[in-house]
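Given next are the chains, with one letter for each unit.
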Amino acid sequence: GDSVTQMEGPVTLSEEAFLTINCTYTATGYPSLFWYVQYPGEGLQLLLKATKADDKGSNKGFEATYRKETTSFHLEKGSVQVSDSAVYFCALTRLYNNNDMRFGAGTRLTVKP
Amino acid sequence: DAGVTQSPTHLIKTRGQQVTLRCSPKSGHDTVSWYQQALGQGPQFIFQYYEEEERQRGNFPDRFSGHQYPNYSSELNVNALLLGDSALYLCASSSTVLQDLDLYNSPLHFGNGTRLTVT
């Protein structure tokens, strides 16, 4: 079945460092891909999404490109801040259909001043 | 604009008991999904409700049941609680639209969850 594999954490970076969190997927057809972020004590918030191959999702300095040839959707940010400390989840659903969203296990990011 | 609200925020129950969790969707949303998030794991899909009916179900036993009301709010019921049911239960809402003879959902908006502890 459809699934997502995420880079294992935790990840610890210094402020202003470059961030990459790897995500690969297994799915039939053409899924939509998402990154969600979860801050301590809160639910998940949609960070960015891409619905077709070569689409680039971006938000708050984060970006990810839908790579069908490598079945990947890696999350990147050029300069992280302490406020970016959170757990990041990669997820997929079938095209436009969010009935059964499949999440990765999550990657905890800690940014130190 | 109120987002997705869930109640209660925390709950402690004993094995064998029953529990009901509640969710009010974001204004304008008509579809509610429930997810279970075990500690250190990603959320797992339980089921989704649309037009007061269960539209799709994940790999969860019949002990997990739900309901959706005409105002789109929803409940998740879990019977005969097990220790393994301890988790964060997340509600997510979305809008369902008919497109090309099929139903599609807008991106999910999540609530802050209910933390259930079974002792």
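Residues numbered from 1 in each chain as written. Chains lettered and ligands numbered in written order. Predicted model: local features only at pLDDT ≥ 70, side-chain atom pairs only at ≥ 80, totals over all residues. Heavy atoms only, no water.

### Examining the interface of chain B and chain A
Between chain B and chain A, the contact holds 21 residues from the first and 19 residues from the second. Here chain B and chain A share an interface that buries about 1,600 Å² over both sides, 50% of which is from carbon and sulfur atoms. Remark: the boundary between chain B and chain A carries 0 salt bridges. Counting across the chain B and chain A interface gives 4 residue pairs in polar contact (both at pLDDT 80 or more). Every element with two or more residues in the side of chain B that touches chain A is listed here: strand 4 (31-37), strand 5 (44-50), strand 6 (53-57), strand 9 (87-94) and strand 11 (102-105) of chain B. When residues of the side of chain B that touches chain A are assigned to their parent elements, the largest contribution, 3 residues, is made by strand 11 of chain B. Residue composition of the side of chain B that touches chain A, grouped by class: 10 nonpolar, 10 polar and 1 charged. (Contact = heavy atoms within 4.5 Å. Buried area = accessible area lost by both parts, 1.4 Å probe. Salt bridge = Lys/Arg side-chain N within 4 Å of Asp/Glu carboxyl O. Polar contact = N/O pair within 3.5 Å; in protein donor to acceptor, adjacent residues only side chain to side chain. Helix = DSSP H or I, 4+ residues; strand = E, 2+ residues; numbered from the N terminus. Nonpolar A, V, L, I, M, F, W, Y, C, P; charged D, E, K, R; others polar.)

### Quick look at the state of the cysteines
In the structure shown here, the tally under the stated rule is 2 disulfides over all chains. Residue pairing for Cys23 of chain A: its cysteine sulfur links by disulfide to Cys90 of chain A, the two sulfurs lying 2.0 Å apart. Taking the torsion about the S-S bond as the criterion, the Cys23 of chain A to Cys90 of chain A disulfide, at about -70 degrees, is left-handed. A residue pair is termed long-range when its members are at least 10 positions apart, and Cys23 of chain A in strand 4 (residues 23-26) and Cys90 of chain A in strand 10 (residues 86-94) qualify at 67 residues. Classification of Cys23 of chain A by relative accessible area gives buried; the value is 1%. Across the disulfide from Cys23 of chain B sits Cys91 of chain B; the S-S distance is 1.8 Å. Here the S-S torsion is close to -60 degrees, and the disulfide linking Cys23 of chain B with Cys91 of chain B is therefore left-handed. Pair noted here: Cys23 of chain B is in strand 3 (residues 19-24) and Cys91 of chain B is in strand 9, with a separation of 68 residues, a long-range link. An identical accessibility class is assigned to Cys23 of chain B and Cys91 of chain B; each is buried. (Disulfide = S-S within 2.5 Å. Buried < 20%, exposed > 50% of the residue type's maximum accessible area, 1.4 Å probe, protein only.)

### Some words on the sheet that holds strand 3 of chain B
Residue and element names in this part refer to chain B. Taken in spatial order, the 4 strands make up an open sheet running 1-3-8-7, and their pairing is antiparallel. Edge strands, defined here as strands with exactly one partner in the open sheet, are strand 1 (5-7) and strand 7 (64-68). Direction aside, neighbouring strands of the sheet carry axes that sit 20 degrees apart on average. Across 5 bridges, the pairing between strand 7 and strand 8 (residues 74-78) is antiparallel. By the bridge assignment for strand 8, Gly66 is matched with Leu76. (Pairing = 2+ DSSP bridges. Axes fitted to C-alpha atoms, helices over the stretch in contact; angles between N-to-C directions.)

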